[in-house]
Amino acid sequence: MLLYILRRVASSVTVVILALVTSFALFFLAPTDPAGVICGPKCTPERLADIEGSLDLDKPALEQLGSYLKGIAVGREYSSGGVERHCDAPCLGYSYTLNQPVTTLLRQALPVTFSIVLGGAVIYFSLGVLIGSVAARHRGTSLDRTVISGAQLINSVPYFVVALLVALYVTVLPDSEYHPLLTNPIAWAAGLLAAWLTLGVTNAAYYTRYARSSMVESLGQDYVRTARSKGISARRVAYRHGLRAALTPVVTILGMDIAFQLTNTLFTETIFGLPGIGLLTLRAFATYDLPVMLGSVLLGSIMLVLLNLLVDVLYTFLDPRVRLG
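Scope of this entry: the structure provided in the associated data block. Bear in mind that the values here come from a model prediction, so they are computed numbers and not experimental data. (Residues numbered from 1 in each chain as written. Predicted model: local features only at pLDDT ≥ 70, side-chain atom pairs only at ≥ 80, totals over all residues. Heavy atoms only, no water.)

## Remarks on the packing of helix α5 (residues 102-137) against helix α8 (residues 185-219)
Moving on, step 1. At a minimum axis distance of 4 Å, the contact between α5 and α8 shows a crossing angle of 35°. The interaxial crossing formed by α5 with α8 has right-handed handedness.
Moving on, step 2. Taken together, the residues of the contact of α5 with α8 sort by class into 22 nonpolar, nine polar and one charged. (Axes fitted to C-alpha atoms, helices over the stretch in contact; angles between N-to-C directions. Helix = DSSP H or I, 4+ residues; strand = E, 2+ residues; numbered from the N terminus. Left-handed = near helix turned anticlockwise from the far one by under 90°. Nonpolar A, V, L, I, M, F, W, Y, C, P; charged D, E, K, R; others polar.)

Structure below.
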């Protein structure tokens, strides 16, 4: 197990480094004038030179990448308008459009995105597994057919359409806004409730189908039939023996979905006006804020590899048949 984890950590670090280098090349070495876009049409030559120097755009490509990596490791200094600014490690650059370090911006936006995604995940995973397992136990009945038809109907509607309808017409829910969890937990939950329900209900339809399919397969295994032959109740066999094995592939999908949603909450945050990573990145693209764009990509790649590693390790706890070498 330990050797496997170490190998996966080494592989994950390699993936993050490759993503960073590729993104750096795409953003900073593209045939554009990023400093001019950031500075704007009324930019003075002095301000333009100041931004170019601070972003190291006047240096060779390898030196630019080296300075960026050095900032991540030990921090670096930035100059703007003759004023020196120190950026503590891990330094992901400085946003000249928002006049803040990128790490500060990401630190402010990350709790919002985490709150949206994890709250929604609790709803759609719990609801999907519950409904899907019940449908699997009553396979072929009218209840089963109704559940599958309802899930397919919900899946046929694009997510952003559902989110727009909820934001525009569902007035019984509290207004969407973000409050820090530790400051006011009730306001935190109320402000995210509309986003949670929208994300939870739409994704629960997918998880209902995943859980039902996995549960049907699990209930047909030999060890389940053996448990039934021993006189154990059907409910206990289904939920104590069958459900545990059925959860393994569903948890795999859950881990990938959470990782994907953490880096792709653009629709949810834009429609409900929640200042998370997705909204921050969208605004960075609109203003060509290169440090924020690159910092968002780096943070997203780290979250993706960490969650994939976590899911792999959880295999051994959910299914004793799985052993990691």
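## Observations concerning α5
Moving on, step 1. Relative to the 52 Å expected for 36 residues at 1.5 Å per residue, α5 spans 51 Å between its end C-alpha atoms, a close match to the ideal helical length.
Moving on, step 2. Along α5, the sharpest change in direction is near 30° and occurs at A109; proline P111 comes one to four residues later. (Expected span 1.5 Å × (residues − 1). Bend = angle between axes of the 7 residues up to and from the residue.)

## With respect to the state of the cysteines
Moving on, step 1. Applying the stated rule across the entire model yields one disulfide.
Moving on, step 2. Each sulfur in the disulfide pair C87 and C91 lies 2.2 Å from the other. Classification of the bridge connecting C87 and C91 rests on its S-S torsion, roughly 110°, and on that basis the disulfide is right-handed. The residues C87 and C91 share a single accessibility class, namely buried. (Disulfide = S-S within 2.5 Å. Buried < 20%, exposed > 50% of the residue type's maximum accessible area, 1.4 Å probe, protein only.)

## A look at the packing of helix α6 (residues 142-155) against α8
Moving on, step 1. As a packed pair, α6 and α8 sit with axes 9 Å apart at the nearest point and diverge in direction by 135°. Here α6 is positioned oblique relative to α8, judged by the angle of their axes. The two elements α6 and α8 meet at a crossing, and its hand is left-handed. Between α6, through D144, V147, I148, A151, Q152, I154 and N155, and α8, the contact on the second element is made entirely by V201, T202, A205, Y206, T208, R209 and R212.
Moving on, step 2. Looking at the contact of α6 with α8 residue by residue, the class counts come to seven nonpolar, four polar and three charged. (Parallel < 35°, antiparallel > 145°, perpendicular 65-115°, else oblique. Contact = heavy atoms within 4.5 Å.)

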